[in-house]
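Architecture and fold: a report
Take a look at the letters that make up each chain.
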Amino acid sequence: MTIRTASKLAGVAVAIAALSAPAATGQEFINILTGGTSGVYYPLGVALSEIYAEEIDGARTQVQATKASVENLNLLQQGKGELAFALGDSVKAGWDGVEEAGFPQPLTELRAIAAIYPNYVQIVATAESGIETLEDLKGKSISVGAPASGTELNARAIFAAAGMSYEDLGKVEFLPYAESAELIKNRQLDATLQSSGLGVAFIKDLGATMDINIVSVPTTVVETVGAPYVPSFIPAGTYDGQDEDVTTAAIGNILVTHAGVSDETAYQMTKLMFENLERLKASHSAAAGINPEAAVLGLTIPLHPGAERYYREAGLL
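Residue numbers restart at each chain and count upward from 1, following the sequence in its written direction. Since the coordinates come from a predicted model, pLDDT governs what is reported: local features require at least 70, and pairs of side-chain atoms require 80 or more to be given and counted, while whole-chain, interface and lining totals use all residues. Think of the side-chain values as coming from all heavy atoms in the structure, minus any hydrogens and water.

**Here we look at the overall build of the chain**
Only DSSP runs of H or I covering at least 4 residues are called helices, and only runs of E covering at least 2 are called strands; the numbering of each starts at the N terminus. The secondary structure content of the chain amounts to 11 helices and 10 strands. Projecting the C-alpha coordinates of the chain onto the three principal axes gives extents of approximately 80 × 55 × 40 Å. Exposure categories follow from relative accessible area, calculated using a 1.4 Å probe and restricted to protein chains: below 20% of the type maximum is buried, above 50% is exposed, and the middle band is partly exposed. Sorting the 317 residues of the chain into buried and exposed places 50% on the buried side. Any pair of residues with heavy atoms lying within 4.5 Å of one another is described as a contacting pair. For the chain, the share of sequence-separated contacts (at least 6 apart) that also reach a separation of at least 24 residues comes to 74%. Under the convention used here, a 1.4 Å probe and the Shrake-Rupley method define accessible areas, while residue burial counts only the protein chains that appear. With an accessible surface of roughly 13,900 Å², the chain has 52% of that area assigned to carbon and sulfur atoms. Asp and Glu count as negative and Lys and Arg as positive, but His and the ends of the chain are not part of the count. Think of each charge as sitting on NZ of Lys, CZ of Arg, CG of Asp or CD of Glu. Computing the positive centroid from 19 side-chain charges and the negative centroid from 37, the chain places the two 9 Å apart.

Here's what the structure looks like:
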């Protein structure tokens, strides 16, 4: 072997070692698991990632678009994320290991950061479909969110409480926001049921391009489902052409982490979120529903010790 060849090989070895070496001491990687890019989780996740990158020394952040709640919780259990958005009913199902909800085993590593804003079950239909009530959905085509997603679990619960099932519908697609909206625009779907914060972009876009109906979920149906679903409404004017309040179900969202995240990181993630609420509201109006006083209410999994430290310092525990 020549000296030149040996030198080249040594250089390659050094480069490989540098690529595989662990990050410098003190560097923190925070992967934030969100949902589809046209939903609410994603812009809020982007805002949090920017806040953490700026405010946590040595932090490297990333935002991952996912199928939302169920996928996020399973990824957290595997240690493939540090913070995730998820619906409260999905969190409970994950902790309990409800197989039909997408959790073959209990997700015992999950830990709560905060209860945040509520999601609303939002059923939007083309006006030309004539769909104005849940009963009108029978025989029609509808999308109910990605398979076994938090939204799809909501759809199952709502239809069951209304005495309906997927078999009553003409065609069922399992698609998230953006894909559902495109099929509706192309007259390939009559409606979609999605679970999201108010003012979600895909419904605003639909309302701006075609006549739509926001379909009511009656209070009696919501009460039949029971906790964590609560009766609520979509305020008049939330979407173009929506002139009246529309009754529906609300389900709380939870920011979730896992037990392997350090206490200091969990503390900083919690503290910085509440210190930057105005910035979160600027990223999406749904953040207006985030309230520190309600952040520890109704949680079905343990608080992360780092988050608990923040709440005790703030006098909320």
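Further notes follow.
**Side note on the pattern of salt bridges**
Each reported salt bridge corresponds to a side-chain nitrogen of Lys or Arg within 4 Å of a carboxyl oxygen of Asp or Glu. Counting across every chain of the model gives 14 salt bridges. Between Glu50 and Arg279 there is a salt bridge, with its nearest N and O atoms 3.9 Å apart. Here Glu50, found in helix 2 (residues 41-55), pairs with Arg279, found in helix 10 (residues 277-283); they are 229 residues apart in sequence, far enough to count as distant. Residue class for Arg279 comes out partly exposed when judged on its relative accessible area of 31%. Within this structure, Glu50, Glu54 and Arg279 form a network of salt bridges that share partners.

**Concerning the confidence of the model for the chain**
Within a predicted model, pLDDT stands for the predictor's per-residue confidence, ranging from 0 to 100. Overall, the predicted model of the chain reaches an average pLDDT of 90, with 92% of residues at or above 70. Every residue in residues 1-25 scores below 50 in pLDDT, and together they form 2 contacts with partners more than four places removed in sequence or on other chains.

**A look at helix 3 (residues 69-77)**
Most of helix 3 is tucked away: 7 of the 9 residues are buried. Among the residues making up helix 3, those that are buried are Ser69, Val70, Asn72, Leu73, Asn74, Leu75 and Leu76. Looking one or two residues beyond helix 3, the residue adopting positive phi is Gly79, at roughly 75°.

**Topic: the packing of aromatic side chains**
For any pair of aromatic rings, the description consists of the separation of the ring centres together with the inter-plane angle of the planes. Pairs were defined over the aromatic rings of Phe, Tyr and Trp, the Trp ring being its six-membered one, requiring ring centres within 6.5 Å. Orientation was assigned from the angle between planes: stacked under 30 degrees, edge-to-face over 60, tilted for the rest. Inspection of the entire model under this criterion finds 7 aromatic pairs. Between Phe159 and Tyr166, the ring centres sit 6.2 Å apart and the planes meet at 80°, which makes this aromatic pair edge-to-face. We classify Phe159 as buried; its relative accessible area is 1%. Through a chain of ring-to-ring contacts, the aromatic side chains of Phe159, Tyr166 and Phe174 assemble into a single cluster. In this arrangement the basic side chain of Arg309 is found over the ring face of Tyr267, its NZ or CZ atom lying 3.6 Å from the centre. For a lysine, the NZ atom is tested; for an arginine, the CZ atom; a charge sits over a ring if that atom is within 6 Å of the ring centre and within 35 degrees of the ring normal.

**So, the environment of Ala93**
Assignment of secondary structure puts Ala93 in helix 4 (residues 88-96). A residue is classified by how much of its surface remains accessible, and Ala93, at 10% relative accessible area, is buried. Separated by 14 residues in the primary sequence, Ala93 and Leu107 have C-alpha atoms spaced 8.9 Å apart. Apart from the residues within four sequence positions on either side, Ala93 is in contact with Val98, Ala101 and Phe103.

**Remarks on the packing of helix 2 against helix 9 (residues 263-275)**
How two helices sit against one another is set out by the angle between their axes and by the gap between those axes. Only the stretch in contact is used when fitting a helix axis, every axis being a line fitted to C-alpha atoms; angles between N-to-C directions are given from 0 to 180 degrees. Where helix 2 contacts helix 9, the axes come no closer than 10 Å and their chain directions differ by 115°. As summarised for this structure, helix 2 and helix 9 are arranged roughly perpendicular, according to the angle between their axes. The handedness of the crossing between helix 2 and helix 9 comes out as right-handed. Across the interface between the two elements, Leu48, Ile51, Tyr52 and Glu55 of helix 2 pack against Gln268, Met269, Leu272 and Met273 of helix 9. The nonpolar class holds Ala, Val, Leu, Ile, Met, Phe, Trp, Tyr, Cys and Pro. Asp, Glu, Lys and Arg form the charged class, and all remaining residues, Gly among them, are polar. The residue inventory of the contact of helix 2 with helix 9, partitioned by class, reads 6 nonpolar, 1 polar and 1 charged. Every angle not falling under 35 degrees, over 145, or within 65 to 115 is termed oblique; those three ranges are roughly parallel, roughly antiparallel and roughly perpendicular. Two helices that cross are described as forming a left-handed crossing if the nearer one is turned anticlockwise from the farther one by less than a right angle, and a right-handed crossing if clockwise.

**What about helix 6 (residues 177-185)?**
Of the positions making up helix 6, those classed as buried are Tyr177, Ser180, Ala181, Leu183 and Ile184. The buried residues of helix 6 occupy an angular sector of 165° when projected down its axis, which confines them to one face. Against the buried residues of helix 6 lie strand 4 (110-126), strand 5 (141-143), strand 7 (191-196) and helix 7 (201-209). Once helix 6 finishes, Arg187 follows within two positions and takes phi at roughly 60°, a positive value. As used here, the arc belongs to the directions running from the helix axis to the C-beta atoms.

**Concerning unusual backbone geometry**
That bond from Ala227 to Pro228 is cis: its omega, 5°, falls within 30 degrees of zero. With respect to the secondary-structure elements, Pro228 resides in the loop between helix 8 (219-225) and strand 9 (230-234). Even without a glycine there, the phi angle at Ala68 is positive, about 80°. Considering the arrangement of structural elements, one finds Ala68 in the loop between strand 2 (59-64) and helix 3. Although it is not a glycine, Arg187 sits at a positive phi angle of roughly 60°. Take Arg187: it is sitting in the loop between helix 6 and strand 7.

**Considerations on the pairing of strand 1 (residues 28-33)**
The criterion for strand pairing is that DSSP finds at least two bridges linking the strands in question. Taken together, the 6 bridges between strand 1 and strand 2 define a ladder with parallel strand orientation. Across the sheet, Ile32 pairs through a bridge with Val63, a residue of strand 2. With the strands aimed away from the viewer, a crossover counts as right-handed if its path from the first strand over the helix to the second runs clockwise. Following the backbone out of strand 1, through helix 2 and into the adjacent parallel strand 2, one traces a crossover that is right-handed.

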